[in-house]
Amino acid sequence: MFLLQGVFHLIAFVAVVFSMAPEGSSTLIVYDPKLTELSEYSKFIEGLTTRSHDITYLPINNETKNIDLFIHDNDKKYNHLVLLPVKGKKVTRMLTDKLLLRFVEDGGDILAVTSPITQTDSIRLFLNQLGIFTAPRGSILKNPLQGENDELIKVGGKHILNKYVLGYDFNDDDEFIFSKDTSACLVGEGSQLIPLINAPRTSFTQVKNAEHWTDSTQGFLSVGFQSLNNARVSWIGSQEFLSDKFNNKNGYLVDELTKWTFKEKSILKSFGAKHTHADLTTYESLPYKVGDKIIYEIGISEWNGENWVPFKTDDLQFELKLVDPYYRFNLKQKEITNNVCVYTSGEFKLPDHHGVFTFVTDYKRSGLSFIKESDVKAIRHLANDEYPRSFEISNAWVYLSGIFTVISSWVIFVILFLITGKRNVNLEKKMN
Amino acid sequence: MANCKSIFLVLFLTLFQVLSTFAYSDKQLLKASSKTSNKIISLQDQKFEQILRGPRENSYILLLLTATSPNVNCANCLEFEPMFANMAASWFQDHPDGKTLDGTKNLFFAKADVKDTNNLPPIFTYYEITHVPRIMLFTPNGSTKDFQSINFDGEGKEHVTRTIDAVQRYMEINEFAYHEPIDWASVIITSISAFVIIFVAKRHGDILLKVLKMRLLWGIGCVAFIILMLGGFMFNQIKHPQLAGVGKDGGILYFLERETQNQFAIETQVLGVIYGLFSILVVGLTMGVPKIDYFYSKPDDATKVKAGVSIILAIAIYMVFTGLTNIFKMKNVGYPYPLRSLTQFLFH
Amino acid sequence: MKQESEIVSSKPTTKSNNIHWCVKWVQSILTALIFFTIFGAAISSRLFSVIRFESIIHEFDPWFNFRATKYLVSHSFYEFLNWFDDRTWYPLGRVTGGTLYPGLMTTSAAVWHLLRKIGLPIDIRNICVLFAPAFSGITAWATYEFTKEIKDSSAGLLAAAFMAIVPGYISRSVAGSYDNEAIAITLLMVTFMFWIKAQKTGSILSATAAAVFYFYMVSAWGGYVFITNLIPLHIFILILMGRYNNRLYSAYTTWYAIGTLASMQIPFVGFLPIRSNDHMAALGVFGLIQIVAVGNFVKSQVSGKKFKVVMLVSLLIIFVVGIAGLCALTYAGFIAPWTGRFYSLWDTSYAKIHIPIIASVSEHQPVAWPSFFFDTHFLIWLFPAGVFLLFMDLADEHVFVIAYSVLCSYFAGVMIRLMLTLTPVICVAAAVALSKLFDVYLNFSIKSNSNKNNKISYVSLCSKVFVSATFLFYLYLFVYHCTWVTSNAYSSPSVVLPSQTPNGEMALIDDYREAYYWLRMNTAEDAKVAAWWDYGYQIGGMADRTTLVDNNTWNNTHIAIVGKAMASREDKSYEILKDHDVDYVLVIFGGVLGFSGDDLNKFLWMIRIAEGIWPEEVKERDFFTPQGEYRVDAGATKTMRESLLYKMSYQRFPEIYGSGSMMDNVRRQTISLADVEPLDYFEEVFTSENWMIRIYQLKKEDQLGRSHKEIGEFERSTHKSLVRRAAKKPDVSLRAL
């Protein structure tokens with residue numbers, strides 16, 4: 001009963017906190033007027049504005065002096081950044097790779113669009129650091145077997161790789177269109193990289209005077225990346241993928257991709273992990289000791305774009321660690337409300353080993369934001385009076401009875417000795 | 001003609017060079033090592049290059065670079081010197097030709113020693129040696145620069161065991177045994193004393209019991225033991241310091257100066273004598289002097305003798321104490337309270 | 001002697017009775033006065049460090065004792081007893097309450113409470129600092145009582161005076177040296193004093209008092225094992241000498257039964273008294289004395305020659321069976337074999353081979369003879385003479401002193417820290433010798449029969465005055481020696497180092513406290529600091545931060561982890577340290593100052609200890625050049641230069657004066673800029689004024705999942721080279737579907 005009440009309190013609290021949207025949406029779009037006619041991307045921009053993005057446009061031309069991503073070098077000025085292809089070395093100087101890295105490390109999201117014709121060095125280096133290796137300038141993805149005279153790159157539904165980012169249920173009949181100037185990339189093995197759209201099986205990227213950059217499904221047309229602080233970066237190898245021209249085919253994907261990148265979906269949030277004694281006494285009032293019964297609980301919500309909804313899964317794991325994990329088990333769903341799904345470990349017994357343990361839930365799934373809740377708590381040994389008394393242990397009765405036998409027989413011996421001794425003295429006296 | 005001569009000369013020289021640069025064979029090595037009494041090849045002169053240079057068939061050479069010159073004052077060298085000789089002796093005792101038991105490998109010993117600091121053997125300059133002692137193991141088919149250095153660490157006998165371990169590891173053999181030189185004197189003494197003890201115990205058990213019960217004997221024994229301990233005997237047992245030092249002029253140093261945490265082994269003996277003297281003098285003062293009464297019938301004589309003896313003993317104690325404090329000042333230079341010797345008193 | 005003779009001579013008349021009373025009164029006044037001065041001398045000579053520096057806890061171990069005392073003062077005794085300390089030995093924690101000797105802390109806490117009760121609230125720090133000097137006075141008194149039992153009160157007074165100022169004892173009991181030994185020596189002497197009284201009189205009361213103080217001693221210091229073995233040895237020797245009597249029986253059985261049961265109440269000791277070989281001698285003698293008592297009883301009933309044979313044979317059989325049983329039980333694992341430290345006393349090379357952690361401690365080194373003289377001055381040569389003089393009397397209690405002297409002089413020779421237990425017996429034996437000497441030469445009473453010849457007695461007087469004068473001169477010199485030793489050698493807190501400026505003025509090197517204070521003020525309260533174990537207690541005590549290992553070296557593996565981290569390559573160390581949630585790494589570096597006790601000089605021990613656990617990963621050989629030298633300059637091995645400790649010690653060091661190379665003042669080798677590779681995984685956050693302490697922070701895990709090495713390379717490369725590299729296919733493992 002108490003348990004339930006406690007949880008309800010928590011949920012009420014969570015409801016208040018979670019009723020607001022995850023983050024403000026000031027977005028900067030960097031583009032090159034020579035390469036990009038914004039009007040051709042009206043639908044893409046419209047999608048952003050309807051989702052209440054506050055968009056700032058930054059055309060790069062001769063007058064552009066600098067690009068301010070940060071206010072006074074401190075806080076970031078924008079939450080999101082859209083990098084459309086830009087020409088010229090100037091950008092490399094103004095928008096350095098280190099600046100972009102810092103932006104991401106500060107929690108900013110970036111949607112980077114590459115066109116094979118113009119590759120900005122700094123953006124390329126930035127992507128390299130994440131483990132996304134875009135093909136060099138001028139190397140275009142080709143798919144000669146797709147059909148004659150059709151230079152557009154088309155991919156089917158099965159090439160869409162991550163359900164959390166781009167959504168579910170694609171058929172093979174679905175077709176998504178990349179322009180003829182499409183760049184593909186290679187992707188490193190880092191666990192934070194999220195391959196999104198695979199290149200067609202028969203495609204390759206030719207590089208001048210060198211081996212192919214990508215071959216077949218080794219290449220990717222779009223890749224996502226999530227940093228440990230849940231900042232998101234996504235990359236698309238074609239600018240026209242976003243354009244109005246292909247919007248009827250690509251529109252859904254573009255929307256999902258921008259939603260994911262700008263943290264409008266697949267956001268998880270825990271309302272804090274909590275562990276108590278099995279009878280709900282907290283650690284603070286009664287520190288844990290070896291062998292105590294403990295309950296661990298964590299509540300997780302997901303942002304679906306409009307609301308916080310309960311996040312349901314069956315692979316949420318809890319670990320009790322002292323350098324190495326002592327316990328690791330799946331948490332069970334216990335309580336589902338409008339906002340949150342509460343997971344519980346059920347009652348479990350702490351190990352018979354004292355030490356400073358870490359209670360961790362580390363949930364990292366490709367495409368979802370990462371959750372890590374960890375709490376360090378000491379588990380003490382048994383105090384001197386917490387062991388069972390000797391008479392409570394049936395094995396000890398043998399020894400106990402031995403002790404008392406010895407004591408009583410000694411007392412009897414002394415008494416007998418004293419009595420008989422006296423007699424002797426008397427006898428001797430009499431004899432004398 | 002002159003030309004011809006010079007060509008001839010050049011030819012001769014090159015021939016000589018070729019001959020002299022030709023590496024030693026196993027047999028030659030064995031010969032060289034048999035030449036010396038301790039079977040250690042001496043590399044004091046230029047010949048070292050020729051001996052150490054490979055390729056040999058299968059001979060390893062264990063080289064010791066050391067400095068026994070008193071000017072160098074290398075305690076480790078002096079300590080290791082007899083051990084190295086004994087290592088060589090042990091090897092040749094088991095392997096008369098220097099060959100391993102399966103006959104595939106040879107091991108020879110070589111040594112170069114700085115006997116005079118003004119006249120360094122060329123090998124030291126060749127290898128740019130700055131630290132001694134150095135132990136190197138030359139492999140059969142290498143050049144003069146092809147060797148394994150063997151760490152010289154540990155203390156006392158560990159040098160030997162570690163060196164042998166390393167040699168065995170590199171040579172991949174397991175037959176290098178170190179034979180401690182047999183100390184015949186101690187063997188004889190032990191056996192004779194054991195015999196005497198058993199004999200006495202058998203024949204005169206009651207006398208032995210009486211001796212065992214002798215208080216004086218026990219007293220002297222205990223005090224001797226204590227004095228030994230106070231003299232740093234256990235330090236010698238554990239740290240194996242060298243017996244004594246060598247002074248700049250080649251004389252023996254009895255005390256390791258300016259070192260309060262360290263000592264020569266001989267210092268224990270010196271201190272033993274000093275503490276023993278002290279004990280005798282103090283006991284003499286407290287117990288011996290009052291007993292003089294028994295030897296004189298006239299109390300006056302006794303009193304005079306007692307007074308004289310006690311004053312002499314007191315002066316003797318003072319003198320021994322002067323010695324002790326001054327030895328201590330040698331070890332601890334800043335010590336402010338050394339006693340003045342009697343002569344100083346007399347002349348000031 | 002002198003007093004006794006007077007007492008005897010003044011028996012007959014009432015008039016002399018009055019004089020007798022008067023003399024006695026003067027004597028007690030004098031004794032009180034002497035004690036007062038002895039107390040004064042004992043305490044004041046231990047205050048050098050407070051006057052010269054400040055009221056501060058010294059060294060390493062005392063910092064833990066101090067921290068534990070503070071815990072005891074602020075918590076209940078129950079909490080203290082069951083204290084689980086989660087701020088040391090992270091993440092294992094330490095069952096501190098069960099693994100410490102609580103005697104010291106409880107005593108000072110009791111003093112603190114008492115003083116508060118009587119309206120004198122004194123800071124617990126000051127009580128701890130002044131604890132040892134205060135107890136040294138009590139030690140002097142106990143020594144007096146002890147020696148009084150051995151000889152008489154004049155010898156007692158001498159012994160007390162010696163004990164008060166002898167440097168061998170001062171070395172562990174100056175103000176601020178708040179260590180277990182500070183109280184243990186006092187308890188040792190009190191226990192012995194009661195024991196001597198008990199075995200002399202057979203008094204159960206004295207034996208119980210001895211047992212109670214033995215219990216106190218057990219609660220205060222691990223060295224109690226010395227008493228546990230010495231008293232049975234005393235009894236054993238007496239039995240061998242055929243001096244068994246009922247007084248010995250009642251004294252020993254009382255002491256053993258009560259003392260053992262009481263000592264088992266200390267959690268840290270627990271069942272050791274019946275399970276460890278260190279304690280088996282006491283148990284064996286306990287059994288033996290029962291047999292001897294029964295034998296004696298039977299003998300008194302049935303006399304006969306044959307009995308003697310039967311007795312002897314049965315004793316022998318019991319002895320053999322007992323030893324065999326002991327061996328069997330030890331072999332089967334029921335009885336713990338000797339503890340490492342104890343074992344290393346007998347087999348002197350044992351520790352060096354098997355337990356590097358014991359061998360690495362400088363206190364466990366053997367003693368060269370100058371230390372003996374340094375610590376005891378002229379007592380050292382009175383000591384053997386005193387032992388010999390005791391042999392001449394050889395009462396039962398003298399056997400005790402002799403056994404103590406012989407045993408302890410051996411122990412002190414093997415291990416320098418046991419010099420401390422030898423010192424009291426040196427004082428006692430020397431006092432006995434000196435007082436015997438004075439009995440002869442300070443006795444100016446003129447015998448009645450020599451009245452005729454004044455001339456002779458004048459000669460005798462002269463010689464007596466001369467002999468006494470020389471010894472009084474030695475006593476005088478002894479005081480100077482002690483003062484000099486104390487003020488020069490034993491009064492540095494080692495937390496603050498004295499030094500001299502070029503002008504010759506005294507300056508203090510206060511880097512330790514500077515660094516610990518920095519930690520305290522600038523790091524998170526639950527930050528974990530990794531440092532070599534020597535500094536664990538200080539970090540816990542002064543900086544109040546969680547440590548991985550400390551001076552309570554209970555877990556060799558954990559210490560080896562830190563050693564391995566220090567000896568490994570940066571990336572590997574980072575992994576190890578990150579696994580243990582470490583936030584900061586602290587290293588001691590003496591290269592600037594010429595402080596030779598720094599971590600690089602202790603490095604070999606770290607490597608050895610780590611090698612003991614991971615022989616495949618850490619190899620001592622890799623840290624030596626092929627020539628077998630320990631080098632840190634350009635000639636250092638690759639492993640050496642890549643090791644974390646090397647990098648941390650020499651980071652930025654060559655550029656101190658901008659010249660790009662710098663002489664290390666400890667190892668006398670020149671370090672140049674090219675030798676020191678950059679640190680990628682750690683960030684320097686603090687370096688103390690004289691560079692003695694350097695603190696590094698572990699960099700946070702990269703948000704983008706790169707390794708810090710990659711980041712470091714990225715930051716160091718030029719833009720151009722990066723662009724050039726990006727033009728080629730990446731040289732990393734790629735994902736493919």
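Before reading further, recall that the structure is shown in the block above.
Residues numbered from 1 in each chain as written. Chains lettered and ligands numbered in written order. Predicted model: local features only at pLDDT ≥ 70, side-chain atom pairs only at ≥ 80, totals over all residues. Heavy atoms only, no water.

A.B. asks: Honestly, the sheet that holds strand β19 (residues 317-322) of chain A in this entry has me stumped. Any pointers?
C.D. replies: Sheet strands line up and pair through hydrogen bonds in the backbone, either parallel or antiparallel. Residues and elements named next belong to chain A. Taken together, the four strands give an open sheet; going across it, the order is β20-β19-β23-β24, and neighbouring strands pair in antiparallel fashion. Only two strands of the sheet have a single partner each, and these edge strands are β20 (324-330) and β24 (371-379). The average undirected angle you get between the axes of adjacent strands in this sheet is 20 degrees. For β19 and strand β23 (residues 355-363), the ladder comprises three bridges, and the chain directions are antiparallel. Looking at the pairing, K321 lines up with T358 of β23. (Pairing = 2+ DSSP bridges. Helix = DSSP H or I, 4+ residues; strand = E, 2+ residues; numbered from the N terminus. Axes fitted to C-alpha atoms, helices over the stretch in contact; angles between N-to-C directions.)

A.B. asks: What exactly am I supposed to notice about the interface of chain A and chain C here?
C.D. replies: A common measure of how large an interface is: the accessible area buried when the components associate. Each partner contributes residues to the interface: chain A has 48 residues there, and chain C has 34 residues. Between chain A and chain C, roughly 3700 Å² of surface is buried when both sides are summed, and carbon and sulfur atoms account for 61% of that area. Linking chain A to chain C there are one salt bridge. Its salt-bridge partner being E105(A), residue R706(C) comes within 3.5 Å of it at the nearest N-O pair. Taken together, the connections running from chain A to chain C amount to 11 residue pairs in polar contact (both at pLDDT 80 or more). For the side of chain A that touches chain C, the elements supplying multiple residues, two or more each, are α4 (97-105), α5 (121-130), β11 (185-187), β12 (193-198), β14 (220-226), β23 and β24 of chain A. (Contact = heavy atoms within 4.5 Å. Buried area = accessible area lost by both parts, 1.4 Å probe. Salt bridge = Lys/Arg side-chain N within 4 Å of Asp/Glu carboxyl O. Polar contact = N/O pair within 3.5 Å; in protein donor to acceptor, adjacent residues only side chain to side chain.)

A.B. asks: Could you clarify how one ought to interpret the sheet that holds strand β3 (residues 106-113) of chain B in this entry?
C.D. replies: Residues and elements named next belong to chain B. Strand order in the open sheet formed by five strands is β1-β3-β2-β4-β5, with mixed pairing between adjacent strands. In the strand order of this sheet, the two ends are held by β1 (40-42) and β5 (147-150), each with one partner. On average, each strand axis in the sheet is inclined to that of its neighbour by 30 degrees, with strand direction left out of account. Here strand β2 (residues 59-66) pairs with strand β4 (residues 134-138) via five bridges, running antiparallel. In the sheet register, L62 faces β4, and the bridge partner there is L137. In the packing of helix α2 (residues 26-35) onto the sheet, the strands contacted are β1, β2 and β3, and the crossing angle to β3 comes to about 50 degrees. Of the strands in this sheet, β2, β3, β4 and β5 are in contact with helix α6 (residues 158-171), which crosses β5 at around 155 degrees.

A.B. asks: Would you take a moment to explain the pattern of salt bridges for this structure?
C.D. replies: Considering all chains together, one arrives at 49 salt bridges over all chains under this definition. One salt bridge connects D68(A) with K77(A), and the closest N-O pair in it is separated by 4.0 Å. Classification of D68(A) by relative accessible area gives partly exposed; the value is 36%. K77(A) sits in the partly exposed class, given a relative accessible area of 37%. Here K200(C) and E149(C) are joined by a salt bridge, their closest N and O atoms 3.2 Å apart. One end of the pair, K200(C), is in helix α11 (residues 180-201); the other, E149(C), is in helix α8 (residues 131-150), with 51 residues separating them in the sequence. Through salt bridges with shared partners, one network takes in R172(C), D179(C), E181(C) and R417(C). (Buried < 20%, exposed > 50% of the residue type's maximum accessible area, 1.4 Å probe, protein only.)

Geometry only, nothing functional implied.
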